[in-house]
Amino acid sequence: MSVSGWFRFKGRSIFSWSFMFQRITGVVLLIYLIAHLTYLSSLFDRTGATYEGMIAITVSKQFLVFDILLVLCGVFHGINGFRIILHEFGIAYEYRKPLLAIFTVIAVAVWLYASYVMYSLTGG
Amino acid sequence: MVEFKIRRYDGEKSYWQSFEIPAKRGMTVLEALYYIKENYDSSLAFRASCRMGVCGSCAMKINDKPRLACETQVLMLGNAVKVEPLDNFRVIKDLITEFEGFFEKHKAVKPYLIRKDDVYAEPKELLQTPEELNEYYIFTLCIKCGACYSVCPAAATLDDYLGPAAMAAAYRFCADSRDEGQRERYRIVSSSNGVWRCHLAMECSEVCPKNVEPAKAVQLLRRKTAFSILKSLLGW
């Protein structure tokens, strides 16, 4: 038995897919958090040159696709996580299928709107 | 004719073997396995007992999904049927998996009524309203087939995890108005291998052949356990 047991989806229901995405997005967010803190540590350079150099890369248009994917991870993880918390309190368990559909639609809608805003801000 | 592809295991190596079955209307996967055993290969090993979805012995992975072989009709599955042993269990031979650990976990949660006034010499009638029965009735339907455990991602990564079936049994008795052993069980299920290990993938409820909803039982047990811990911290 291993972590591969988290990623079995053959013959599984939509809930396994949701679980799998929750895990993957969680790992992506963790990696992002580490990268973000590493990034911020560049502020130790009091001249600000290192930070300015690094931020120039990440606010570029070429980097937008990664930002959009990161927002997808954050939005899905947060909204799906809220659904899981509801069920963990024993709330609306019988409506788990419609709730999963509703929360997924909300996550996609929020992600599309956020992507549009980010695209506009980068002068798209 | 329907092609049966069975994952076999001889104690050393695992391999696939195919058989052609003359399937007819109403034939179950279990009947097909008996057909193979009687006509092609008598060494094929699988577990079965009641043949009517009550004992839970014949749970196996059929076309990637855990199901009861005795309740799954061959013609509903198409022209190709893939049969494998359940995941998350150690395979002993062919489709037979080791269930001792699974039953040990079940036993560990004390799945019986605990009473302080349990005097056999003077039996006492314990009355219960239909509403009180409804609190736990659905969870009494578990047949311990292991289908829920085989799809549980927490059980996939942790051998000692109690699993959905054992915790559904624990909740069944904790929610029973006649039971007085809740605190004892809360202590067991709130251990590091209990309710807090559940990731709520909810796949266990999806595959349960008896619609027991083990994932719901685990969450309700979580809530009860949390309140119990809180009460004991406050000295209530």
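Computed from a predicted model, the values in this text were never measured in an experiment.

Notes on the overall build of chain A
Assigned secondary structure in chain A consists of four helices and zero strands. The N-to-C order of helical and strand elements in chain A reads α-α-α-α. Its C-alpha atoms give chain A principal-axis dimensions of roughly 55 × 40 × 30 Å. Of all 124 residues assigned to chain A, the portion counted as buried reaches 30%. Of the contacts made within chain A by residues no fewer than 6 positions apart, 63% connect residues no fewer than 24 positions apart. Of the roughly 7,800 Å² that chain A leaves accessible, carbon and sulfur atoms contribute 76%. With 9 positive and 5 negative side-chain charges, chain A shows a separation of 17 Å between the mean positions of the two kinds.

Re the domain arrangement of chain B
Residues and elements named next belong to chain B. With domains assigned, chain B is organised as domain 1 (2–97) and domain 2 (100–233). At the junction of the two partners, domain 1 supplies twelve residues and domain 2 supplies 15 residues. Broken down residue by residue, the surface that domain 1 buries against domain 2 is led by Pro66, Asn88 and Phe89, which jointly contribute 50%. Taken together, the links from domain 1 to domain 2 amount to one salt bridge. Note that Glu71 is salt-bridged to Lys210, the shortest N-O span being 3.8 Å. Where domain 1 packs against domain 2, one counts four residue pairs in polar contact (both at pLDDT 80 or more). Split by residue class, the side of domain 1 that touches domain 2 holds seven nonpolar, three polar and two charged.

What counts as what
Residues numbered from 1 in each chain as written. Chains lettered and ligands numbered in written order. Predicted model: local features only at pLDDT ≥ 70, side-chain atom pairs only at ≥ 80, totals over all residues. Heavy atoms only, no water. Helix = DSSP H or I, 4+ residues; strand = E, 2+ residues; numbered from the N terminus. Buried < 20%, exposed > 50% of the residue type's maximum accessible area, 1.4 Å probe, protein only. Contact = heavy atoms within 4.5 Å. Areas by Shrake-Rupley, 256 points an atom, 1.4 Å probe, with all protein chains shown as cover. Lys, Arg positive; Asp, Glu negative; His and termini not counted. Charge placed at Lys NZ, Arg CZ, Asp CG, Glu CD. Domains from an automatic or database assignment. Buried area = accessible area lost by both parts, 1.4 Å probe. Salt bridge = Lys/Arg side-chain N within 4 Å of Asp/Glu carboxyl O. Polar contact = N/O pair within 3.5 Å; in protein donor to acceptor, adjacent residues only side chain to side chain. Nonpolar A, V, L, I, M, F, W, Y, C, P; charged D, E, K, R; others polar.

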